[in-house]
Amino acid sequence: MFSEKLFRWYADYGRRLPWRGIDNPYYIWLSEIILQQTRIEQGRAYYEHFVATYPTVEDLAKASEEQVLKSWQGLGYYSRARNLHTAARHVAFDLGGRFPDRYEDILALKGVGRYTAAAIASFAFRLPYPVIDGNVYRFVSRLYGIFTPIGTDKAYDEFERLLLNVMDYRRPDIFNQAMMDFGSLCCKPVSPDCADCIFRQECFAHKEGKVEVLPVKQAPVIIQERYLYYMDIRWHESDGERLLVHQRQAGDIWQGLYEFPLLETTSPIKEDCLAERLREFLAESMGCPPESLMVGSRLRHQLTHRTIIAQFVGANYTSRPPKWPDNCRPVSWEEMKSLPISRLIDRYLSKM
Ligand code: SF4
């Protein structure tokens, strides 16, 4: 009964998306990784770009990491792009280009969790694994009155058991897509359409007045502040202007992306001694102080668990400095444009 009602609703109101109604596991996997933490409208353009640029898993595997990061630029959470690339290389080079078709083998791919494995297994291979994203958590917790805090392994197990009991095993792909759409379009986070909802007679939250309370969320993570002072260092050589770029290393945000050399602090440097401190930093790390220094305005940039407060500082040298910090190198403007950069650096460059 539950599936029948849901399927009727889905036939009328379900979203038509380019990665639906196909059974190519590579394309489905691309869409699922791109759509994690990303709105559908934004993700669609990236999906279309990836499918056009890397039409097969071998094409993605053969691309360099820098090319993949450049394609990903602007989506954030760059570890997803690196994991995508690593997994593509594994499928192309170790598995002979054949995408795994068992849930456990899909789950073993780098960057693939239970949600993504269930999506690929059910959409591409019609295997009966429930897909549980934020929309499904919300809809199911309200419908059945589940107060377990969502987003934990315990909650995933509990919701999965319940969904396995109501899923239509003949069409797990349609069941999962309909559940996600119903949570997104009808059982919305704010002001759900309870008056027109096909499940309002049996819905626990609607009957008990708990719509605003469910789903129960975990305590929020404390947001950490980081202060980044970026040095936009430039000088002229015989064939044009050079600027210094820094490539971020493993173990922190934006791994592998390019930015400017920086000084990072855990609290803001006082305005009245900022220029002096930056001049000292440059003299030490570049082997001599800059000819001129211009401290720009601050940019606030929000990441999931961090607030970045960035200040960009223009530093001009009359000629190539004697040295520079580790993991930095001089580039021309042309080369800079081809390098993968974070959205923060992109924001700064687009204002120039
Ligand atoms: S009645 Fe309201 S809260 Fe319950 S499932 Fe429908 S939209 Fe969601």
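Rules used throughout
Residues numbered from 1 in each chain as written. Predicted model: local features only at pLDDT ≥ 70, side-chain atom pairs only at ≥ 80, totals over all residues. Heavy atoms only, no water. Helix = DSSP H or I, 4+ residues; strand = E, 2+ residues; numbered from the N terminus. Buried < 20%, exposed > 50% of the residue type's maximum accessible area, 1.4 Å probe, protein only. Contact = heavy atoms within 4.5 Å. Areas by Shrake-Rupley, 256 points an atom, 1.4 Å probe, with all protein chains shown as cover. Lys, Arg positive; Asp, Glu negative; His and termini not counted. Charge placed at Lys NZ, Arg CZ, Asp CG, Glu CD. Near = heavy atom within 4 Å. Nonpolar A, V, L, I, M, F, W, Y, C, P; charged D, E, K, R; others polar. Domains from an automatic or database assignment. Buried area = accessible area lost by both parts, 1.4 Å probe. Phe/Tyr/Trp six-rings, centres within 6.5 Å; stacked < 30°, edge-to-face > 60°. Axes fitted to C-alpha atoms, helices over the stretch in contact; angles between N-to-C directions. Parallel < 35°, antiparallel > 145°, perpendicular 65-115°, else oblique. Left-handed = near helix turned anticlockwise from the far one by under 90°. Arc of directions from axis to C-beta.

1. Observations regarding the overall build of the chain
Then comes step 1: Within the chain, the regular secondary structure consists of 15 helices and seven strands.
Then comes step 2: Along the three orthogonal principal directions, the C-alpha set of the chain runs to about 75 × 50 × 30 Å.
Then comes step 3: Counting the 352 residues in the chain, one finds 49% classified as buried.
Then comes step 4: Taking as baseline every contact in the chain between residues at least 6 positions apart, the subset at least 24 positions apart corresponds to 67%.
Then comes step 5: A total of about 17400 Å² of accessible surface is found on the chain, and carbon and sulfur atoms cover 50% of it.
Then comes step 6: Each charge class in the chain was averaged separately, 45 positive and 45 negative side chains, and the resulting centres sit 4 Å apart.

2. Brief notes about the site of the ligand
Then comes step 1: Close to the ligand lie Phe139, Arg142, Cys186, Cys187, Pro192, Cys194, Cys197, Arg200, Cys203, His206 and Val211, which account for all nearby residues.
Then comes step 2: Grouping the amino acids of the shell around the ligand by side-chain chemistry returns eight nonpolar, one polar and two charged.

3. Here's the deal with the domain arrangement of the chain
Then comes step 1: For the chain, the domain assignment lists domain 1 (2–208) and domain 2 (224–350).
Then comes step 2: Look at where the C-alpha atoms of domain 1 and domain 2 centre, and you get two points 38 Å apart.
Then comes step 3: Facing 10 residues of domain 1, the contacting portion of domain 2 comprises 15 residues.
Then comes step 4: Buried surface at the junction of domain 1 and domain 2, both sides included, amounts to about 940 Å², of which 45% is carbon and sulfur.

4. Details of the packing of aromatic side chains
Then comes step 1: Summed over all chains, the structure comprises 22 aromatic pairs.
Then comes step 2: Geometrically, the ring pair formed by Phe50 and Trp72 is edge-to-face, given 5.9 Å between the ring centres and 80° between the ring planes. Placement of the pair is Phe50 in helix α3 (residues 40–53) and Trp72 in helix α5 (residues 65–72), with a sequence separation of 22 residues.
Then comes step 3: For Phe50, a relative accessible area of 0% puts it in the buried group.
Then comes step 4: Of the residues examined, Trp72 reaches a relative accessible area of 0% and is grouped as buried.
Then comes step 5: Members of the aromatic cluster, connected to one another through ring pairs, are Phe2, Trp9, Tyr13, Phe139, Phe175, Phe182 and Phe199.

5. Some remarks on the packing of α5 against helix α6 (residues 79–94)
Then comes step 1: Across the interface, α5 lies against α6 with an axial gap of 9 Å and an inter-helix angle of 135°. It follows that α5 is oblique to α6 by the angle criterion. Of the two elements, α5 crosses α6, and the hand of that crossing is right-handed. Between α5 and α6, the residues in contact are Glu65, Val68, Leu69 and Trp72 and Arg80, Ala81, Arg82, Leu84 and His85, respectively.
Then comes step 2: For the contact of α5 with α6, the class distribution of residues is five nonpolar, one polar and three charged.

6. Focus on α5
Then comes step 1: Inspection of α5 places Val68, Leu69, Ser71 and Trp72 among the buried residues, and these make up the whole buried set. For α5, the angular spread of buried residues about the axis comes to 160°, placing them on one side.
Then comes step 2: Looking at the buried residues of α5, the elements they touch are α2 (25–35), α3, α4 (57–62) and α6.
Then comes step 3: Positive phi appears at Gly74, one or two residues downstream of α5, with a value of about 100°.

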